[in-house]
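Spelled out, the chains give:
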Amino acid sequence: MSFSSKIFVRGLATSAKQWSPIKTVTIIGSGLMGSGIAQVAASTGHKVTVVDQTQDIVDKASASIKKSLSRVVKKKFPDDPKAQQTYIADTMGHLTLQTDAVSAVKSADLVVEAIVENLDVKRKLFATLDEAAPQHTVFASNTSSIPIKDIAVATKRGDRFGGLHFFNPVPMMKLVEVIRIPETSEETYNALEAFGKAVGKKTVQCKDEKGFIVNRLLVPYMVESIRLAERGDASTRDIDVAMKLGAGYPMGPFELLDYVGLDTIKFILDGWHESDPTNPLFQPCESLNKLVKENKFGMKTGEGFYSYDK
Ligand SMILES: CCCCCCCCCCCCC[C@H](O)CC(=O)SCCNC(=O)CCNC(=O)[C@H](O)C(C)(C)COP(=O)(O)OP(=O)(O)OC[C@H]1O[C@@H](n2cnc3c(N)ncnc32)[C@H](O)[C@@H]1OP(=O)(O)O
Ligand SMILES: NC(=O)c1ccc[n+]([C@@H]2O[C@H](COP(=O)([O-])OP(=O)(O)OC[C@H]3O[C@@H](n4cnc5c(N)ncnc54)[C@H](O)[C@@H]3O)[C@@H](O)[C@H]2O)c1
C-alpha cells in the first residue's frame, strides 16, 4: 500500500489517494437484507441510517432488528439480562430509521443499497444519491445477481463504487463478497473490505461476474432442485431432508428459496434469463412463477413452497 493511502484523514478525504475508515453508513432498503446489514453495522459501533419507502416499513424493520438482537444477546450474554439490554440499547442507539434518502446520505462515508432486485430502480436511486452524497462517499450494492458495473453507470463515481454482497440472515452468516469493477480505486476496495471485516465478516474478493461466487454455484443446485421436484422424482420435503442429512446443509433448497424470498429469486432468474436466454440453467421455472403470481413469496408472506406461521 502506497504511503499516501496509509494516511488516514478524519472527515472528508483531502485527495483521491487518501481515505478514512468508514464510520457513518447509510443503508437504503430496510427489508430482509437492509435491516440485517444495519443491525451488524450498528452493533459494531457504526453510525447507521436506514431508509425505506414508508414509515410503516421502517417501523417494521426496527421491530425486526430488535427481535433479531433479542436472539443474538441470549447467546452472547447468557444469564446476564443487564448486559443483554445494554447491548440492544447501544445498538439501537446507533440506528436512525427514516424515509428520506437524500438527507440520509449527506454525511455518509458509505451507502449500501439493499432495495428491490431491479436494475432500473437501483440505477434511479443511485443517480439521485450521486447528486446528494459528498464526494468522498463510497457506494455499494448488495445485489444478488446484477453486475455492479451495470448499476454504477448511473453515477459519476465509478472509482468509489463496489459491491458488498452479504448473506441471509446477515447476523448469522459470516461471509461478505467484496466486488470491484474496473474503475473501483484501490482505496475504495480497501475501505469496502475493511468495512466488511469491521462488521465481523470474513471477506472474499471476486470479479464482477454473474452471481459472484456463492450464487453462481447456488444457481445450478437450486435450479436442478426445482426441476427434480417438477419431474416428480422426489417431493420438495424429501429433497430438503436429503440435502440436510445427506449433504449437511443447514437448510434444504426449498427451505432456502422460501427463506431468501421467491420474489427475489424470480428477479434473479428472470434477469439471468434475459441476459443469457439460451442457457438451460436460466430457463423460467413454472412452479416458481406460479407461486410468485399468487404473491406467495415464502417466509416473508407466510407461504411459498411451504406454509409458515406469520
Ligand atoms: C428455478 C429457481 C432456482 C433459483 C435460481 C436463482 C438462485 C439464486 C441464488 C439464491 C439466492 C441468493 C440470495 C443471496 O444473494 C445469497 C444468500 O443469502 S443465499 C442464503 C445464504 N444463507 C443460508 O444458506 C442460510 C442457511 N441456514 C442457516 O444457516 C440456518 O438455518 C439459520 C438460518 C442460521 C437458522 O439456524 P438453525 O439452527 O437452522 O435454526 P434456528 O432458527 O433455531 O436458529 C438457531 C439460532 O441461531 C440464531 N439465529 C437464527 N436466525 C437468527 C436471526 N435472524 N437473527 C439472530 N439470531 C438468529 C438464534 O440464536 C437461534 O436460536 P433461537 O433464537 O432460535 O433460540
Ligand atoms: N433475500 C436474500 O436472501 C438476499 C441475500 C443477499 C442479497 N440480496 C439482495 O439484497 C437486495 C434486497 O433484498 P431483500 O431480500 O432484502 O428484499 P426485500 O424485499 O426484503 O427488501 C427490499 C426493501 O427495499 C425497499 N425499497 C424498494 N425500492 C426502494 C427505494 N427506491 N427506496 C428505498 N427503499 C426501497 C422495499 O420497500 C423493501 O423494504 C436485493 O438486491 C437482493 O438481491 C438478497
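Every value quoted in this text rests on a predicted model; they were computed, and no experiment measured them.

**Here we look at the packing of helix α2 (residues 55–76) against helix α3 (residues 81–93)**
Then, in step 1: Where α2 contacts α3, the two axes come as close as 9 Å, and the packing angle between them is 145°. α2 and α3 meet at a crossing whose hand is right-handed. Residues S62, I65, K66, L69, S70, V72, V73, K74 and K76 of α2 form the contact with α3, whose own contacting residues are Q84, Y87, I88, T91 and M92.
Then, in step 2: The class makeup of the residues in the contact of α2 with α3 is 7 nonpolar, 4 polar and 3 charged.

**A word on the site of ligand 2**
Then, in step 1: In the vicinity of ligand 2 there are 22 residues, among which M33, D52, E117, K122 and S144 approach most closely.
Then, in step 2: Side-chain polar atom of K300 to an oxygen atom of ligand 2: 3.2 Å apart, as the coordinates give it.
Then, in step 3: In isolation ligand 2 exposes 830 Å². Once the protein is present, 86% of that is buried.
Then, in step 4: Looking at the shell around ligand 2, the elements that each hand over two or more residues are α1 (32–42) and β6 (161–166).
Then, in step 5: Partitioning the shell around ligand 2 into residue classes produces 9 nonpolar, 9 polar and 4 charged.

**Regarding the UniProt feature "domain: 3-hydroxyacyl-CoA dehydrogenase NAD binding" (unreviewed entry) in the protein**
Then, in step 1: The sites that UniProt annotates as "domain: 3-hydroxyacyl-CoA dehydrogenase NAD binding" (unreviewed entry) are residues 24–208.
Then, in step 2: The annotated region residues 24–208 carries 44% helix and 21% strand content, and the separation between its end C-alpha atoms amounts to 25 Å.

**A word on the side chain of S62**
Then, in step 1: Inspection of the secondary structure puts S62 in helix α2.
Then, in step 2: The buried category is assigned to S62, whose relative accessible area is 14%.
Then, in step 3: Beyond its immediate stretch of four places on either side in the chain, S62 contacts M92 and L97.

**A closer look at the domain arrangement of the protein**
Then, in step 1: Domain annotation of the protein identifies domain 1 (3–207) and domain 2 (215–293).
Then, in step 2: When each unit is reduced to the centre of its C-alpha atoms, the spacing between domain 1 and domain 2 is 28 Å.
Then, in step 3: Contact residues are listed per partner, giving 9 residues for domain 1 and 6 residues for domain 2.
Then, in step 4: Both faces combined, the contact of domain 1 with domain 2 buries some 730 Å², and carbon together with sulfur accounts for 57% of it.
Then, in step 5: Where domain 1 meets domain 2, there are 0 salt bridges.

About the criteria used
- Residues numbered from 1 in each chain as written.
- Chains lettered and ligands numbered in written order.
- Predicted model: local features only at pLDDT ≥ 70, side-chain atom pairs only at ≥ 80, totals over all residues.
- Heavy atoms only, no water.
- Axes fitted to C-alpha atoms, helices over the stretch in contact; angles between N-to-C directions.
- Helix = DSSP H or I, 4+ residues; strand = E, 2+ residues; numbered from the N terminus.
- Left-handed = near helix turned anticlockwise from the far one by under 90°.
- Contact = heavy atoms within 4.5 Å.
- Nonpolar A, V, L, I, M, F, W, Y, C, P; charged D, E, K, R; others polar.
- Near = heavy atom within 4 Å.
- Polar contact = N/O pair within 3.5 Å; in protein donor to acceptor, adjacent residues only side chain to side chain.
- Areas by Shrake-Rupley, 256 points an atom, 1.4 Å probe, with all protein chains shown as cover.
- UniProt positions renumbered as here; feature names shortened; annotations may be inferred.
- Buried < 20%, exposed > 50% of the residue type's maximum accessible area, 1.4 Å probe, protein only.
- Domains from an automatic or database assignment.
- Buried area = accessible area lost by both parts, 1.4 Å probe.
- Salt bridge = Lys/Arg side-chain N within 4 Å of Asp/Glu carboxyl O.

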